[in-house]
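Residue-level listing of the chains:
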Amino acid sequence: MYEVKPGRVFKKLQPYWFSFTKIYRYSRNAGVPVVSALLGAHRGRVREVRALQAIRAKLHTVPSSLFARATFVRGLDYTQDLVTVVNDVLEKNTLEANKNIVDQYVAFQKTLWSHGMHDTTFKLQPNYGVNGHGQLVCVDFGEFVYTKEAALKSIAGKKWLSRGTYKKWDDIPLKEYYTQRMADLMNEEVLDACWGSSQ
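Residues numbered from 1 in each chain as written. Predicted model: local features only at pLDDT ≥ 70, side-chain atom pairs only at ≥ 80, totals over all residues. Heavy atoms only, no water.

Novice: Teacher, can you tell me more about the environment of Phe72 here?
Specialist: Along the chain, Phe72 turns up in strand S3 (residues 71-74). By relative accessible area, Phe72 is classed as buried at 18%. Separated by 60 residues in sequence, Phe72 and Lys12 place their C-alpha atoms 10.0 Å apart. In this structure, Phe72 is in contact with Leu52, Ile55, Arg56, Leu59, Asp77, Tyr78 and Phe141, ignoring residues within four places of it in sequence. (Helix = DSSP H or I, 4+ residues; strand = E, 2+ residues; numbered from the N terminus. Buried < 20%, exposed > 50% of the residue type's maximum accessible area, 1.4 Å probe, protein only. Contact = heavy atoms within 4.5 Å.)

Written out as structure tokens, the structure is:
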């Protein structure tokens, strides 16, 4: 990623070997057997490409502001507005201001659902940012799913509780607030009420 002009950044899809190697090393460091790690790395790269292809096809149906005005420029490379990553925002804010970020994140997930999309990563800190207007935006959309069934499966796993960013969250009062807000949000009843309502 690099800034192409003031306020805009360029994100290039990395070559196959780069993504493959990154996923493979992560799997091996986690103790995954060699063959499983090789297969997982290939599948991970395939999922990454398919997710970008899907979001590229979907972007014209949703407000571009949700994704920092992402614009695909060639293939699966795209530009976005330059924003401040949530992790950096949380370090500088008060607890009340940070609770507002969490509230925006919860509302954002409902907005995604209303457009028939679900973010399976649950990575608030690295995958979301705050724009110049103080609004939360998604800057990494490489692991979205587009069916309610896939969203329900993702929710059932409660992956947000096992993410490294969650486990390492030092601000305990904010972590507790996030945990409660996610518990209130991530269920079939809320998903049913929101899914596809903006389509």
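There's more to say after this.
Novice: Looking at this structure, how should I read helix H1 (residues 16-29)?
Specialist: Three or four residues apart is the spacing at which side chains of an α-helix point the same way, because the helix has 3.6 residues per turn. An ideal rise of 1.5 Å per residue puts 20 Å on 14 residues; H1 measures up with 20 Å between its terminal C-alpha atoms. Listed as buried for H1 are Ser19, Phe20 and Ser27. Buried residues along H1 cover an arc of 100 degrees about the axis, so they all sit on one side. The exposed residues of H1 that point more than 90 degrees off its buried face are Trp17, Lys22, Arg25, Tyr26 and Asn29. Downstream of H1 by one or two residues, Gly31 has phi in the positive range, about 90 degrees. (Expected span 1.5 Å × (residues − 1). Arc of directions from axis to C-beta.)

Novice: Explain the side chain of Asn131 to me, please; I cannot follow it from the model alone.
Specialist: Tracing the chain through its elements places Asn131 in the loop between strand S7 (128-130) and strand S8 (136-138). A distance of 2.9 Å separates a polar side-chain atom of Asn131 from the backbone nitrogen of His133. (Polar contact = N/O pair within 3.5 Å; in protein donor to acceptor, adjacent residues only side chain to side chain.)

Novice: What is the right way to look at the pairing of S3 in this model?
Specialist: Taken residue by residue, a regular strand's side chains alternate between the two faces of the sheet. Pairing geometry for S3 and strand S4 (residues 77-81), over three bridges, is antiparallel. Within S4, the residue paired with Thr71 across the bridge is Thr79. Turn length for the S3-S4 hairpin, with the two strands adjacent in sequence and antiparallel, is two residues, and the turn residue Gly75 shows positive phi of about 55 degrees. (Pairing = 2+ DSSP bridges.)

Novice: How should I be thinking about the packing of aromatic side chains in this particular structure?
Specialist: Both the distance between ring centres and the angle between the ring planes are used here to describe each pair of aromatic rings. Here the structure, examined in full by the defined rule, presents 13 aromatic pairs. Geometrically, the ring pair formed by Trp17 and Phe18 is edge-to-face, given 5.9 Å between the ring centres and 80 degrees between the ring planes. Look at Phe18 and you get partly exposed, because its relative accessible area is 36%. Geometrically, the ring pair formed by Phe67 and Phe141 is edge-to-face, given 5.4 Å between the ring centres and 90 degrees between the ring planes. On the criterion of sequence distance, the pair formed by Phe67 in the loop between helix H2 (34-58) and S3 and Phe141 in the loop between S8 and strand S9 (144-145) is long-range, its members being 74 residues apart. Here Phe67 and Phe141 have matching classes, each one buried. By the ring-pair criterion, three or more aromatic residues cluster together here, those being Tyr105, Phe108, Tyr128, Tyr166, Trp169 and Tyr178. A cation over a ring is seen here: Lys175 above Tyr166, with NZ or CZ 4.6 Å from the ring centre. (Phe/Tyr/Trp six-rings, centres within 6.5 Å; stacked < 30°, edge-to-face > 60°. Lys NZ or Arg CZ within 6 Å of the ring centre and 35° of its normal.)

Novice: Could you clarify how one ought to interpret the pairing of strand S2 (residues 8-11) in this entry?
Specialist: Taking every second residue as pointing to the same face, both faces of S2 are buried, with Arg8 and Phe10 on one and Val9 and Lys11 on the other. Relative to S4, S2 runs antiparallel, the two being bridged by four bridges. Note that in S4 the partner of Arg8 across the bridge is Asp81.

Novice: Can you walk me through the sheet that holds S8 in this structure?
Specialist: Either a parallel or an antiparallel arrangement is found when strands of a sheet pair, and the pairing is made through backbone hydrogen bonds. Read from one edge of the open sheet, three strands run S5-S7-S8, paired in antiparallel fashion. Two strands lie at the open edges of the sheet, namely strand S5 (84-85) and S8, each paired on one side alone. Where S5 lies against S7, two bridges are found, and the strand directions are antiparallel. Following the sheet pairing, Val85 is matched in S7 by Gly129. Relative to the sheet, helix H4 (residues 95-114) contacts S7 and S8, its axis offset from that of S8 by approximately 50 degrees. (Axes fitted to C-alpha atoms, helices over the stretch in contact; angles between N-to-C directions.)

Novice: Please explain the pattern of salt bridges as it appears in this structure.
Specialist: Side chains that differ in sign of charge can pair as their charged atoms come close. Counted according to the given criterion, the structure contains eight salt bridges. Notably, a salt bridge pairs Lys12 with Asp77, separated by 3.4 Å at the nearest N-O pair. Of this pair, Lys12 sits in the loop between S2 and H1 while Asp77 sits in strand S4; the two residues are 65 residues apart in sequence, bridging distant segments of the chain. By relative accessible area, which is 6% here, Asp77 ends up buried. Its salt-bridge partner being Asp81, residue Arg69 comes within 2.7 Å of it at the nearest N-O pair. Pair noted here: Arg69 is in the loop between H2 and S3 and Asp81 is in strand S4, with a separation of 12 residues, a long-range link. On the accessibility criterion, Arg69 (44% relative accessible area) is partly exposed. For Asp81, a relative accessible area of 18% translates into the label buried. Each of Arg8, Arg69 and Asp81 takes part in one network of salt bridges that share partners. (Salt bridge = Lys/Arg side-chain N within 4 Å of Asp/Glu carboxyl O.)

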